[in-house]
Amino acid sequence: MMEFPDELIYLLANANHVAVLTGAGISAESGVPTFREAQTGLWERYNPEELATPRAFIGNPKLVWEWYAWRRELIAEVEPNPAHYALVDMASHLPRFTLITQNIDSLHHRAGSQDVIELHGNIARTKCFDCGMKLFDQQELELNLYSDQLPRCDYCGGLLRPDVVWFGETLPMEALNRAYNASRSCDLFFSIGTSALVQPAASLPTQAISQGIPAVEVNTQFTPLSAAMTFILNGPAGEVLPALVKRVWPDQ
Ligand code: BV8
Ligand code: ZN
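These lines cover the structure that appears in this document, whether it is placed above or below.

Rules used throughout
Residues numbered from 1 in each chain as written. Chains lettered and ligands numbered in written order. Predicted model: local features only at pLDDT ≥ 70, side-chain atom pairs only at ≥ 80, totals over all residues. Heavy atoms only, no water. Buried < 20%, exposed > 50% of the residue type's maximum accessible area, 1.4 Å probe, protein only. Helix = DSSP H or I, 4+ residues; strand = E, 2+ residues; numbered from the N terminus. Pairing = 2+ DSSP bridges. Right-handed = clockwise from strand over helix to strand, strands pointing away. Phe/Tyr/Trp six-rings, centres within 6.5 Å; stacked < 30°, edge-to-face > 60°. Lys NZ or Arg CZ within 6 Å of the ring centre and 35° of its normal. Expected span 1.5 Å × (residues − 1). Arc of directions from axis to C-beta. Contact = heavy atoms within 4.5 Å. Donors = N, O, S within 2.8 Å, 3.2 Å for Na, K, Ca; no water. Tetrahedral: all angles 85-135°; square planar, octahedral: opposite > 155°, others 65-115°. Axes fitted to C-alpha atoms, helices over the stretch in contact; angles between N-to-C directions. Near = heavy atom within 4 Å. Polar contact = N/O pair within 3.5 Å; in protein donor to acceptor, adjacent residues only side chain to side chain. Areas by Shrake-Rupley, 256 points an atom, 1.4 Å probe, with all protein chains shown as cover. Nonpolar A, V, L, I, M, F, W, Y, C, P; charged D, E, K, R; others polar.

1. Things to note about the pairing of strand S7 (residues 188-192)
Inference 1: Where burial is concerned, most of S7 is hidden: 5 out of the 5 residues are buried.
Inference 2: Taking every second residue as pointing to the same face, both faces of S7 are buried, with Leu188, Phe190 and Ile192 on one and Phe189 and Ser191 on the other.
Inference 3: By the bridge criterion, 4 bridges tie S7 to strand S8 (residues 215-219) in an arrangement that is parallel. Opposite Ile192, over in S8, you have Val218 as the bridge partner.
Inference 4: For the handedness criterion, the β-α-β arrangement of S7, helix H10 (residues 203-210) and S8 is classed as right-handed.

Structure follows, in structure tokens:
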């Protein structure tokens, strides 16, 4: 049975508002490759940070679309893992719970989390590169992707793109503001499965820590934030989180 610091058990059991930031590591046990692991197969030779940019899309929209189509298909075949469900469980025991994710894979929604703050958009959504018009029905889009002409906007004829935040692009302001407010007003902050390298998302845990809010890191490795954390739970989120929830709320 995994051991947890008594103080963390006490803080979580008595928390009024818990905020959680998740990264690719929480989806790793579902089978979604994390951002910095080598992308398997076809994508070994590309650095994701060179594909997830507007410049890459302008330069080679078909290649970027093929990368996202591959990731969409991969994500369509995976399921949420015990870590996603443990956060749904944790939220059900707390007066207030804010879930902030950098992930674009919808696994938190599919596990049952409500009101997920998506800082980097969602791979299942599509929008126009030029006018920003959002497209929700993916059916016809999948067909176009494998023909020669790339999908275009019905309104302005611009190229359609995945509705995700690329490097060099600003995050959705409303989502970022909500995330900042939660990281300043919560009484316990979790950073789960993120390398804490990408800004401004990685400034959320530091925001909480600078306010003197106890912070917990759940990761299989150490990160640049580990030294500043109040608690470090070293292990796979799919094992650590369910064990923590069971330890704090044993009967439910
Ligand atoms: C912006 C969507 C500016 C797309 C993503 C120099 C210094 C500082 C910053 C910058 C800089 N140069 C450029 C920047 C800014 C840049 C940035 O931060 N770059 C970094 C790389 C240095 N940021 C941006 O460009 C952002 N925009 O700054 O705009 C601006 C301002 C004003 C006006 C105009 C512009 C936009 C960033 C968003 C980019 N989009 N994703 C897509 O997915 O295709 S980011 C991408 O990386 C993912 O979303 C992911 O969330 C993110 C971070 O990765 P992680 O989630 O942390 O995943 P990673 O693989 O890194 O780590 C996984 C972790 O899990 C590891 O720690 C591992 O140990 C752990 N783990 C593994 N298995 C498990 C586990 N943990 C627990 N259990 C397990 N089983
Ligand atoms: Zn358009």
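There is more to say, and it comes next.
2. A closer look at the packing of aromatic side chains
Inference 1: Under the defined criterion, the tally for this structure stands at 4 aromatic pairs.
Inference 2: For the pair Phe57 and Trp166, a centre-to-centre distance of 5.4 Å together with 40 degrees between the ring planes defines the contact as tilted. Here Trp166 lies in the loop between strand S6 (160-164) and helix H9 (173-185) and Phe57 lies in helix H4 (residues 54-59), a separation of 109 residues in the sequence. As far as the burial class goes, Phe57 and Trp166 line up, both buried.
Inference 3: In textbook terms, an aromatic cluster arises when at least three aromatic residues are bridged by ring pairs, as seen for Phe57, Trp67, Tyr68, Phe129 and Trp166.
Inference 4: Here the basic side chain of Arg71 rests over the ring of Trp67, its NZ or CZ set 4.5 Å away from the ring centre.
Inference 5: Positioned above the aromatic ring of Trp166 is the side chain of Arg161, whose terminal nitrogen or guanidinium carbon lies 3.7 Å from the ring centre.

3. Focus on H9
Inference 1: Over its 13 residues, H9 extends 18 Å from the first C-alpha to the last, a length consistent with the 18 Å expected when each residue adds 1.5 Å.
Inference 2: Where H9 is concerned, the buried positions are Ala175, Leu176, Ala179, Tyr180, Ala182 and Ser183. Buried residues of H9 fall within an arc of 165 degrees about the axis and therefore sit on the same side.
Inference 3: Looking at the buried side of H9, the elements it contacts are strand S1 (17-22), strand S2 (96-101), strand S3 (117-118), S7 and H10.

4. A word on the coordination of the zinc ion (ligand 2)
Inference 1: Looking at the metal site, the zinc ion (ligand 2) is ligated by Cys128 (SG), Cys131 (SG), Cys153 (SG) and Cys156 (SG), spaced 2.2 to 2.4 Å from it.
Inference 2: Coordination at the zinc ion (ligand 2) is tetrahedral: its 4 donor atoms span angles of 99 to 121 degrees at the metal.
Inference 3: In terms of primary sequence, the donors binding the zinc ion (ligand 2) are separated according to C-x2-C-x21-C-x2-C. On the criterion of sequence distance, the pair formed by Cys128 in strand S4 (residues 121-128) and Cys153 in the loop between helix H8 (139-145) and S6 is long-range, its members being 25 residues apart. This pair shows no difference in class: Cys128 is buried, exactly as Cys153 is.

5. Quick word on the sheet that holds S4
Inference 1: The strand order S5-S4-S6 describes an open sheet built from 3 strands, whose pairing is antiparallel. Of all the strands in the sheet, just strand S5 (134-135) and S6 have a single pairing partner and so form its edges.
Inference 2: As paired strands, S4 and S5 are joined by 2 bridges and run antiparallel to one another. In the sheet register, Lys127 faces S5, and the bridge partner there is Lys134.
Inference 3: Running over the sheet, helix H5 (residues 61-77) touches S4 and S6 and is turned about 140 degrees from S4.

6. As for the site of ligand 1
Inference 1: As a structural note, the neighbourhood of ligand 1 is formed by 32 residues, with Arg36, Tyr68, Arg71, Gly168 and Ser195 the closest of them.
Inference 2: Tyr68 is positioned with one of its side-chain polar atoms (N or O) 2.6 Å from an oxygen atom of ligand 1.
Inference 3: Protein chains shield 73% of the accessible area of ligand 1, which is 1500 Å² for the free molecule.
Inference 4: The set of elements that each furnish at least two residues to the shell around ligand 1 consists of helix H2 (25-28) and H5.
Inference 5: In terms of residue class, the shell around ligand 1 is made up of 14 nonpolar, 14 polar and 4 charged.

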